[in-house]
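Per-entry structural report
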Amino acid sequence: MGLPGTALACLFLLMAVSNLSITMAVDEEWKLATATFSKDADGSIAIGGACGFGIVYQKGYGEHTAALSSSLFNKGGRCGACYEVRCVDHILWCLVGSPSVVVTATDFCPPNYGLPSDYGGWCNPPREHFEMSYPSFIKIAVPKADIVPVQYRRVSCERRGGMRFTLSGSSYYHQVLITNVGLDGEVVEVKVKGSKTGWIQMGRNWGQNWQCSANLIGQPLSFEVTSGSGRRVTSYNVALADWRFGQTFEGKQL
């Protein structure tokens, strides 16, 4: 006997909600931190310096980005990670209902040891702090606020298309910048393979730039990427043999 229409609709709704929680939740627990916003001329964190992303709009990260204090940045390990952030416990500065916004970590907020941690040195260790882009900050707080208390948690990253691999280097070494990473947005291991080599382990150079000492010029390239959650994806022959330094190629998504 088939399910009645109402029961069937409820079943589909339950499945959809279950799938949403699976794809979105990385950390269920909310944690405490603080947040300010970037004072850049355009109100955004457009250049992802410490992650190597360059102009973040061109890398698919949009306007909702943030720089992380060292306690969160993890020496570049959190580049590309996504965080849901909401303003809490401040009746003057937090928006009504404590709405949240999802931001991508695209830069590092360096410490300022010339100022105390509770008065200007917001990114001094061991503080957990987000320097948010202006468009992100005004989603959760009044822009007149200097600094606000927030709660945050890791969430899955919604990305369009596959991971992108931007090639650089020379005949002595090979470097790849990996962007547009889905799932938890975090890359913990990268391997590269040419047509004349086996799989070569790459090391994190800085940010989301990975490097190895190998001459891979003239060989089609494959990449194996492992996320922070342990998922491993292999993109075979992403770049054909006639690739050039500076080019970007799209592979599979996590």
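These figures come from a predicted structure and were not determined experimentally.

Considerations on the overall build of the protein chain
When helices and strands are counted, the protein chain shows three helices and 16 strands. For the protein chain, the residues scored as buried account for 44% of the 254 residues in total. A separation of at least 24 residues holds for 68% of the contacts in the protein chain among residues at least 6 apart in sequence.

Section: the sheet that holds strand 14 (residues 221-227)
For sheets, the rule is that strands pair by backbone hydrogen bonds, running either parallel or antiparallel. The strand order across the open sheet formed by eight strands is 15-14-11-12-13-10-9-16, and the pairing between neighbours is antiparallel. Among the strands making up the open sheet, the edge pair consists of strand 15 (232-239) and strand 16 (248-250). If you compare each strand with its neighbour and ignore which way they point, the axes differ by 30° on average.

A short note on the environment of valine 190
Tracing the chain through its elements places valine 190 in strand 11 (residues 187-193). According to the relative accessible area criterion, valine 190 is buried, its value standing at 0%. Along the sequence, valine 190 and arginine 204 sit 14 residues apart, while their C-alpha atoms lie 8.5 Å from each other. With near-sequence residues (within four places) excluded, valine 190 lies in contact with Ile178, Ile200, Gln201, Met202, Trp210, Phe223 and Glu224.

Observations regarding the pattern of salt bridges
With the rule as written, the count across this model stands at six salt bridges. For the salt bridge of glutamate 186 with arginine 154, the shortest nitrogen-to-oxygen distance reads 3.3 Å. Here glutamate 186, found in the loop between strand 10 (174-179) and strand 11, pairs with arginine 154, found in strand 8 (residues 148-155); they are 32 residues apart in sequence, far enough to count as distant. The partner of glutamate 189 in a salt bridge is arginine 232, with the nearest N and O atoms 3.8 Å apart. With glutamate 189 in strand 11 and arginine 232 in strand 15, the pair connects residues that are 43 residues apart, well separated along the chain. Looking at glutamate 189, the relative accessible area reads 21%, which means it is partly exposed. Each of Glu189, Lys191, Glu224 and Arg232 takes part in one network of salt bridges that share partners.

What counts and how
- For every chain, the first residue of its written sequence is number 1, and the numbers climb from 1 along that sequence.
- Given that this is a predicted model, residues contribute local features only at a pLDDT of at least 70 and side-chain atom pairs are listed and counted only at 80 or more, while totals for whole chains, interfaces and linings are drawn from all residues.
- Neither water nor hydrogens contribute to the side-chain values; these are computed over all heavy atoms in the structure.
- Think of it this way: any DSSP run of H or I at least four residues long counts as a helix, any run of E at least two long counts as a strand, and we number them from the N terminus.
- Accessible area is worked out with a 1.4 Å probe on protein chains only. A residue is then buried under 20% of its type maximum, exposed over 50%, and partly exposed in between.
- Should any heavy atoms of two residues lie within 4.5 Å, those residues are considered in contact.
- Paired strands are those between which DSSP finds at least two bridges.
- With axes taken as lines fitted to C-alpha atoms, and helix axes fitted only over the stretch in contact, angles between N-to-C directions fall between 0 and 180 degrees.
- We define a salt bridge as a contact between a side-chain nitrogen of Lys or Arg and a carboxyl oxygen of Asp or Glu at a distance within 4 Å.

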